[in-house]
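Given next are the chains, with one letter for each unit.
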Number of protein chains: 2
Amino acid sequence: MRLTTKGRYAVTAMLDLALHSDEGPVSLADISTRQGISLSYLEQLFARLRHFKLVKSVRGPGGGYRLMSSTADISIAQVVDAVSESLDATRCEGKGNCHEGEVCLTHHLWEDLSAQIHQFLSDITLADLVARNDIQSVRARQDLRVVTMQKDESHIAVSEIL
Amino acid sequence: MRLTTKGRYAVTAMLDLALHSDEGPVSLADISTRQGISLSYLEQLFARLRHFKLVKSVRGPGGGYRLMSSTADISIAQVVDAVSESLDATRCEGKGNCHEGEVCLTHHLWEDLSAQIHQFLSDITLADLVARNDIQSVRARQDLRVVTMQKDESHIAVSEIL
DNA sequence: CCAATTCCGAGTATTTTACTCAAGTATTCA
DNA sequence: TGAATACTTGAGTAAAATACTCGGAATTGG
């Protein structure tokens, strides 16, 4: 599980797609202008999303992309996995050829942690995010919750609307 | 919150440090040979870890690095944050200059998701991992705790193993 | 002093990111 | 049918991040 801007672009695009799924196929050109992602980059991302069977394409005029399954059946983890290579920073690469017990211990711990993060993102679906989005637009921005995280010596205020 | 091999290297190194914390300062050379990470790269990583006050250094012969605080007070999120730049793939960069509501909607959703991932990793400490390492072989993974956060009509299930 | 170690900066090869450009294919509407 | 639309594919590329090398400096225990 790798988490970079690439995955973020993919999730953003998929969210945009989900938000307009009731209006027929969505063209990449539309997503491009709405989300400010270059068309060619979107093409690359959607080639992978299509390959992983998360979206299907409709060619011709009025065509575009559709979600392959319901928003409730597409997890964030799936989207991120589709566009990013699998993370591997081990020396033994799971072959267990590092006989110094120490090495495999921490490797094992990381594998475990990595699995947890993956599970975490597997439990969040596009439907979850879209549902929250619906609520957001309805009740304007009355519930402004401000969470203050302490980072280093500086305070960074993270405002999130729920 | 960005999650790449760099963060993985940092967490691995910090885990190694935690595992040998009772034997006095741990030199980067030791971590290098044990974990298969180049010495110079470790120097870069620990420069940042030191700057973020996660470790302290002891110079001279027999010197090395010590954890700044107890393993229970150092979260995985802190380690990852220390070595990686903050992820920013927005067009408006929080300035709110994207007047097409659509854009900010998905941006906000991602911010929120990102905050959740961050929170998730903030709840896991080095002590948790070290403890699991001790117990791991003994009692497998019986304590599966599932936390479900209910927010209005949308619910996001967060499963975390502790 | 001397060796071990952290510190520091410069440099660099490789990979990833994000994008551009160009050509080609399938589909639909008129 | 034909042209417009839009996906599809591939090549190429600049910028950034990654992971490392090298050389030296500062610090300190023995």
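Here the structure is a predicted model, which is why all the values come from computation and not from measurement.

### Let's talk about the protein's contact with DNA strand D
Phase 1 of the analysis: Lining the immediate environment of DNA strand D, one finds 24 residues, of which Ser57 and Tyr65 of chain A together with Thr5, Ser40 and Gln44 of chain B sit closest.
Phase 2 of the analysis: A share of 63% of the atoms of DNA strand D within 4 Å of the protein falls on sugar and phosphate groups.
Phase 3 of the analysis: Between DNA strand D and Thr4 of chain B there is a distance of 3.3 Å, counted from a phosphate oxygen to a side-chain nitrogen or oxygen.
Phase 4 of the analysis: Within the side chain of Lys6 of chain B, an N or O atom sits 3.4 Å from a phosphate oxygen of DNA strand D.
Phase 5 of the analysis: Broken down by secondary-structure element, the contributors of at least two residues to the surface near DNA strand D are helix H3 (39–51), strand S1 (55–58) and strand S2 (64–67) of chain A together with helix H1 (5–19) and helix H3 (39–51) of chain B.
Phase 6 of the analysis: Here the surface near DNA strand D is built from residues that sort into 7 nonpolar, 12 polar and 5 charged.

### Examining the packing of aromatic side chains
In this description, a pair of aromatic rings is defined by centroid distance and the angle of the planes.
Residue and element names in this part refer to chain B.
Phase 1 of the analysis: In this structure the tally under the stated criterion is 5 aromatic pairs over all chains.
Phase 2 of the analysis: Seen in terms of ring centroids, Tyr9 and Tyr41 are 5.8 Å apart; in terms of plane orientation they differ by 85 degrees. Their pairing is edge-to-face. Taken together, the positions of Tyr9 in helix H1 and Tyr41 in helix H3 put the pair 32 residues apart, joining distant regions of the chain.
Phase 3 of the analysis: Assessed through its relative accessible area of 23%, Tyr9 is described here as partly exposed.
Phase 4 of the analysis: Owing to a relative accessible area of 26%, Tyr41 belongs among the partly exposed residues under this scheme.
Phase 5 of the analysis: Considering the side-chain rings of Phe46 and Tyr65, the 4.8 Å spacing of their centres and the 45 degrees angle between planes classify their relative orientation as tilted. Residue Phe46 is found in helix H3, and its partner Tyr65 is found in strand S2 (residues 64–67); the two are separated by 19 residues along the sequence.
Phase 6 of the analysis: Owing to a relative accessible area of 14%, Tyr65 belongs among the buried residues under this scheme.

### Section: the protein's contact with DNA strand C
Phase 1 of the analysis: Among the 25 residues in the neighbourhood of DNA strand C, the closest are listed as Thr5, Ser40 and Gln44 of chain A together with Ser57 and Tyr65 of chain B.
Phase 2 of the analysis: The sugar-phosphate backbone supplies 64% of the atoms of DNA strand C found within 4 Å of the protein.
Phase 3 of the analysis: The contact in question runs from a base oxygen of DNA strand C to an N or O atom on the side chain of Arg59 of chain A, over 2.8 Å.
Phase 4 of the analysis: When residues of the surface near DNA strand C are traced back to their parent elements, those giving at least two are helix H1 (5–19) and H3 of chain A together with H3, strand S1 (55–58) and S2 of chain B.

### Comments concerning the confidence of the model for chain A
All names here are of chain A.
Phase 1 of the analysis: For chain A, the mean per-residue pLDDT works out to 75, and 70% of the residues sit at or above 70.
Phase 2 of the analysis: The spread of mean pLDDT over the elements of chain A runs between strand S4 (residues 154–161), the lowest at 24, and helix H4 (residues 76–83), the highest at 94.
Phase 3 of the analysis: Every residue in residues 139–162 scores below 50 in pLDDT, and together they form 38 contacts with partners more than four places removed in sequence or on other chains.

### Some words on the packing of H1 of chain B against helix H4 (residues 76–83) of chain B
Residue and element names in this part refer to chain B.
Phase 1 of the analysis: Their axes nearest at 9 Å, the elements H1 and H4 cross at an angle of 125 degrees. Classed by the angle they form, the pair H1 and H4 counts as oblique. The way H1 lies across H4 gives a crossing that is right-handed. From H1, Lys6, Gly7, Ala10, Val11 and Met14 reach across to H4, where they touch Ile76, Val79, Val80 and Val83.
Phase 2 of the analysis: In the contact of H1 with H4, the residues fall into 7 nonpolar, 1 polar and 1 charged.

### Observations concerning H3 of chain A
Residue and element names in this part refer to chain A.
Phase 1 of the analysis: Helix length check: H3, at 13 residues, gives a terminal C-alpha distance of 18 Å against a target of 18 Å (1.5 Å per residue), a fit within 8%.
Phase 2 of the analysis: Where H3 is buried, its residues contact H1, helix H2 (28–35), S1, S2 and H4.
Phase 3 of the analysis: Looking one or two places after H3, you find Lys53, whose phi comes out positive at around 60 degrees.

### Some details on the nonpolar core
A general tendency of soluble globular proteins is for nonpolar side chains to be buried together.
Phase 1 of the analysis: Ranked by internal contacts, the top residues of the largest apolar core, which has 77 residues, are Met14 and Phe46 of chain A together with Met14 and Phe46 of chain B.
Phase 2 of the analysis: With 8 residues, H1 of chain A is the largest single contributor of residues to this core.
Phase 3 of the analysis: Filtering out sequence-adjacent residues up to four positions away, Met14 of chain A remains in contact with Leu49, Leu54, Val55, Leu67, Ile74, Val79 and Leu126 of chain A.

The rules behind each value
Residues numbered from 1 in each chain as written. Chains lettered and ligands numbered in written order. Predicted model: local features only at pLDDT ≥ 70, side-chain atom pairs only at ≥ 80, totals over all residues. Heavy atoms only, no water. Near = heavy atom within 4 Å. Polar contact = N/O pair within 3.5 Å; in protein donor to acceptor, adjacent residues only side chain to side chain. Helix = DSSP H or I, 4+ residues; strand = E, 2+ residues; numbered from the N terminus. Nonpolar A, V, L, I, M, F, W, Y, C, P; charged D, E, K, R; others polar. Phe/Tyr/Trp six-rings, centres within 6.5 Å; stacked < 30°, edge-to-face > 60°. Buried < 20%, exposed > 50% of the residue type's maximum accessible area, 1.4 Å probe, protein only. pLDDT = per-residue confidence, 0-100. Contact = heavy atoms within 4.5 Å. Axes fitted to C-alpha atoms, helices over the stretch in contact; angles between N-to-C directions. Parallel < 35°, antiparallel > 145°, perpendicular 65-115°, else oblique. Left-handed = near helix turned anticlockwise from the far one by under 90°. Expected span 1.5 Å × (residues − 1). Core = buried A, V, L, I, M, F, W, Y, C linked by side-chain atoms within 4.5 Å.

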